[in-house]
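Each chain, written out:
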Amino acid sequence: MKTIRLPVYFHHDQLKHKPMYEWAFGKRLSHPETTSRAENILTALQEQPDRFDIRLPDPISLARLTALHNPDLAVLYQAASSLPKHGTYCPNVFPKRDHCAPKPTDLNHAGFYCFDSGTPLTSTTWMAAAWSASCARQAAEQVSRGTSALSYALCRPPGHHASRDLFGGYCYFNNAAIAAEELRRSHRRLAILDIDFHHGNGTQSLYYRDKSVLFLSIHGDPREFYPYFSGHAKEVGEGPGKGTTINLPIPSGCDGQEYFRVFSRRVVSALKRFRPGALVVSAGFDTYEKDPIGAFTLRTPDFQELGERIGKLSLPTVCVQEGGYCTDQLGRNVRAFLTGLVSTHRRRG
Ligand code: Q9C
Ligand code: ZN
């Protein structure tokens, strides 16, 4: 039997964004979202050229980016291109959003579009974030057209914390939503499964009132963990979207066994009920036991099993890279996940 080569999208200019530090817990910390994260994933996948087909994406159009995001975000990131070469610009005024006249060309106004102090702007944020979104769009186009049943976007910077007009959580454009919007051209009903350790607040907000997109997220309990203000089980969507947001917060220490119990009891059943035509996975690996900022204890074989369980759903699936900060094990965790996914997936029809 011929094994399929999984299409993987990545562009080297995604490595040009280099945030130096973040402000958290009253301290200046070295930034966890490093370029070596993406480099290590790339290396791990390049080691198996028979399984992974690494390709360059076409650039995403500004029209596509601004159909999802407030155009001001793109203007602001472009304005940041004038920052000094290794500068890391953190907004320091986060205004209450009424009675504001924000100018996205003015970096002093960056805080209007930002919700935390961990997501600095650099002179190359625009380039890297636009290529990251391009990877997500192209991976989704591949699946949308039916050319592949599965694809993986090696997105970096990540995306799931970014909403229509806010960046934060190391995210600038919402890559998973970019992928979802592309898939929507061919599929009426979609699911987005977010397995990053942190709640995907940006993705949730984009689809909170949308009944044709099921957003499902398993994450560290926001009573304890970032992003604190969302991801509680009581958030279930609103208006026409009531019931199509499902939040599954789990206490810290969660291991593979506990994780898979939630997965089979809650995730699989919800997907069976909703019957989406395609799936986007916000694939974060900060649930790993040695992750410096996550608090679950998943091990590398658990990522393979998680891939297998998602593959068994046999939905057309686009995986979008999100977090994962144990840099030296990130490549093998991603590879284990994708290997599991490919091994159980059966194209339907
Ligand atoms: N030093 C993603 O995984 N900061 N974003 C927590 C830790 C925010 C993580 C403080 C974490 C955001 C895509
Ligand atoms: Zn995360």
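The structure we're discussing is the one just above.
Residues numbered from 1 in each chain as written. Chains lettered and ligands numbered in written order. Predicted model: local features only at pLDDT ≥ 70, side-chain atom pairs only at ≥ 80, totals over all residues. Heavy atoms only, no water.

Taken together, 16 residues are adjacent to ligand 1, and Glu22, Gly169, His198, Asp286 and Tyr325 come closest. Between ligand 1 and His161, the relevant distance is 3.3 Å, taken from a nitrogen atom to a side-chain nitrogen or oxygen of the residue. Asp286 is positioned such that a nitrogen or oxygen atom in its side chain is 3.1 Å from an oxygen atom of ligand 1. For ligand 1, whose unbound accessible area comes to 410 Å², protein coverage reaches 92%. Looking at the shell around ligand 1 residue by residue, the class counts come to 8 nonpolar, 5 polar and 3 charged. (Near = heavy atom within 4 Å. Polar contact = N/O pair within 3.5 Å; in protein donor to acceptor, adjacent residues only side chain to side chain. Areas by Shrake-Rupley, 256 points an atom, 1.4 Å probe, with all protein chains shown as cover. Nonpolar A, V, L, I, M, F, W, Y, C, P; charged D, E, K, R; others polar.)

For the zinc ion (ligand 2), the protein coordination sphere consists of Asp196 (OD), His198 (ND1) and Asp286 (OD), at 1.9 to 2.1 Å. The site at the zinc ion (ligand 2) holds 4 donor atoms, and with the angles between them running 99 to 132 degrees, its shape is tetrahedral. In terms of primary sequence, the donors binding the zinc ion (ligand 2) are separated according to D-x1-H-x87-D. Residues Asp196 and His198 agree in their burial class; the two are buried. (Donors = N, O, S within 2.8 Å, 3.2 Å for Na, K, Ca; no water. Tetrahedral: all angles 85-135°; square planar, octahedral: opposite > 155°, others 65-115°. Buried < 20%, exposed > 50% of the residue type's maximum accessible area, 1.4 Å probe, protein only.)

Below, the discussion takes up helix α8 (residues 300–311). An α-helix turns once every 3.6 residues. As a result, residues three or four positions apart point the same way. Between its first and last C-alpha, α8 extends 17 Å over 12 residues, near the 16 Å set by a 1.5 Å rise per residue. Listed as buried for α8 are Thr300, Asp302, Phe303, Leu306, Gly307, Ile310 and Gly311. Buried residues along α8 sit in contact with β6 (190–194), α7 (256–274), β9 (278–283) and α9 (327–344). (Helix = DSSP H or I, 4+ residues; strand = E, 2+ residues; numbered from the N terminus. Expected span 1.5 Å × (residues − 1). Contact = heavy atoms within 4.5 Å.)

Turning to the packing of α8 against α9, a few remarks are in order. For any two helices packed against each other, one specifies the inter-axial angle together with the distance between the axes. Where α8 contacts α9, the two axes come as close as 6 Å, and the packing angle between them is 30 degrees. The pairing of α8 with α9 is recorded here as roughly parallel in orientation. Handedness of the α8/α9 crossing: right-handed. In this structure, α8 contributes Thr300, Phe303, Gln304, Leu306, Gly307, Glu308, Ile310 and Gly311 to the contact, and α9 contributes Arg332, Asn333, Ala336, Phe337, Thr339, Gly340, Leu341, Ser343 and Thr344. Counted by class, the contact of α8 with α9 contains 6 nonpolar, 9 polar and 2 charged residues. (Axes fitted to C-alpha atoms, helices over the stretch in contact; angles between N-to-C directions. Parallel < 35°, antiparallel > 145°, perpendicular 65-115°, else oblique. Left-handed = near helix turned anticlockwise from the far one by under 90°.)

Within soluble globular proteins, side chains that are nonpolar tend to cluster in buried spots. Core analysis: the biggest nonpolar cluster contains 52 residues, and Tyr152, Leu216, Tyr259, Ile310, Phe337 and Leu338 have the highest contact counts within it. It is α7 that contributes the most residues to this core, 9 residues altogether. What Ile310 contacts, discounting residues up to four positions off in sequence, is Leu193, Phe263, Leu279, Val281, Phe337 and Leu341. Core analysis: the second largest hydrophobic core is formed by 45 residues, Tyr77, Leu107, Cys114 and Phe215 among them. (Core = buried A, V, L, I, M, F, W, Y, C linked by side-chain atoms within 4.5 Å.)

What follows deals with helix α3 (residues 71–79). The set of residues buried in α3 consists of Leu73, Ala74, Leu76, Tyr77 and Ala79. Those residues of α3 that are buried lie in contact with α2 (62–68) and α4 (125–144). Among the residues of α3, the N-terminal cap falls to Asn70, whose side-chain oxygen and the backbone nitrogen of Asp72 are separated by 2.8 Å.

Function cannot be read off these values alone, since they describe shape.
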